[in-house]
Structures are given as structure tokens and as C-alpha cells.
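These are the residues of each chain, in order.
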Amino acid sequence: MAKQSITLKIAGKSYSLNIESEKEEVYRLAEREVNNYLAQIKQQNIKNWNDQDYLSMTALKFAIANVGMRQSREVDNEDLRQLEKIGTEIDAYLNDPKK
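In this report, the structure presented in the accompanying data block is examined.

Examining the environment of isoleucine 19
Stage number 1. With respect to the helices, strands and loops of the structure, isoleucine 19 is situated in strand S2 (residues 13-20).
Stage number 2. Distance in space between the C-alpha atoms of isoleucine 19 and alanine 30 is 14 Å, their sequence separation being 11 residues.
Stage number 3. With residues near it in sequence (within four places) discarded, isoleucine 19 still touches Ala2, Lys3, Gln4, Ile6, Glu24 and Tyr27.

So, in C-alpha cells, the structure goes:
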């Protein structure tokens, strides 16, 4: 996999990164999303907050979204297990020679 150097600008600060070339679009989209959400939070003009506070709330927003996605996947996996169990029971019933 080819590596490439890119520069992302988050909260007005530039960060140079070496990434896999095929992941550049993901990094650019993430950069845009972080900056957009940061701007939304800053528009609230919360008294006595500095840039670190705004960045912390932005990080918290993304962490909450990440946890929510993981939890929804766990529920989906449980649903899948239940469906497989039901499928097995149906197969056993349909293939029962005592019918």
C-alpha cells in the first residue's frame, strides 16, 4: 500500500500526516466534519470556554456517536443470533421424520 503525506487543518492548526493513499478521502471528510461541528459549538458562545473546551466537546460528540454505533451493532448481532436460532428450529421442524 502506497503512503502519502497530507496536511489536515483542524481548529486552525495544521497537522502533517503520513497515511495510506486510498484513505485520503476518509481523512478529508473527517477533517471537514470535525471543523463543521467545532464551528457549530463555537457559535453557542458559551461563557468562559476556550478553544480546548470547544475541542473537548467536539471529541465527546464523536465518542458518543462511536459508542452508539458499537451498541447498535451489538443489538444487530443479537438479532442475527435469534434469527439463526429460529431458522434452525424451523429446519428441524420441517425435516422431522415423525410428521
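Looking at the pattern of salt bridges
Stage number 1. Inspection of every chain in the model, using the stated rule, returns three salt bridges.
Stage number 2. Note that glutamate 20 and lysine 23 form a salt bridge whose closest N and O atoms lie 3.7 Å from each other.
Stage number 3. Assessed through its relative accessible area of 40%, lysine 23 is described here as partly exposed.

Overview of the packing of aromatic side chains
Stage number 1. Under the definition given, this model contains two aromatic pairs.
Stage number 2. The interplanar angle of 70 degrees and the centroid separation of 6.3 Å between the aromatic rings of tyrosine 37 and phenylalanine 62 together place this pair among those described as edge-to-face. Of this pair, tyrosine 37 sits in helix H1 (residues 24-42) while phenylalanine 62 sits in helix H2 (residues 51-94), placing them 25 residues apart in sequence.
Stage number 3. Accessibility expressed as a relative area gives 23% for tyrosine 37, which makes it partly exposed.
Stage number 4. Look at phenylalanine 62 and you get partly exposed, because its relative accessible area is 24%.
Stage number 5. Taken together, a centroid distance of 5.4 Å and an interplanar angle of 65 degrees make the contact between tryptophan 49 and tyrosine 54 edge-to-face.
Stage number 6. Classification of tyrosine 54 by relative accessible area gives buried; the value is 7%.
Stage number 7. Taking NZ or CZ as reference, lysine 61 lies 5.1 Å from the ring centre of tyrosine 37, over its face.
Stage number 8. Directly above the aromatic system of phenylalanine 62 lies the positively charged group of lysine 61, at a separation of 4.8 Å from the ring centroid.

Reading the values: the criteria
Along every chain, residues carry numbers that run from 1 in the direction the sequence is written. Local features in this predicted model are restricted to residues of pLDDT 70 or higher, and side-chain atom pairs are both shown and tallied only at a pLDDT of 80 or more, whereas totals for entire chains, interfaces and linings draw on every residue. Values reported for side chains reflect all heavy atoms of the structure, with hydrogen atoms and water molecules removed beforehand. The way it works is that DSSP assigns letters per residue, a run of H or I at least four long becomes a helix, a run of E at least two long becomes a strand, and they are numbered from the N terminus. Only heavy atoms matter for contacts: two residues are in contact if any of them lie within 4.5 Å across the pair. Criterion for a salt bridge: a side-chain nitrogen of Lys or Arg within 4 Å of a carboxyl oxygen of Asp or Glu. Each residue is assigned to one of three classes by its accessible area relative to the maximum for its type, calculated with a 1.4 Å probe on protein chains only: buried under 20%, partly exposed between the two thresholds, exposed over 50%. Aromatic contacts are taken between Phe, Tyr and Trp rings whose centres are within 6.5 Å, Trp giving its six-membered ring; a plane angle under 30 degrees counts as stacked, one over 60 as edge-to-face, and the others as tilted. In our convention, an over-ring charge means Lys NZ or Arg CZ found within 6 Å of a ring centre and within 35 degrees of that ring's normal.

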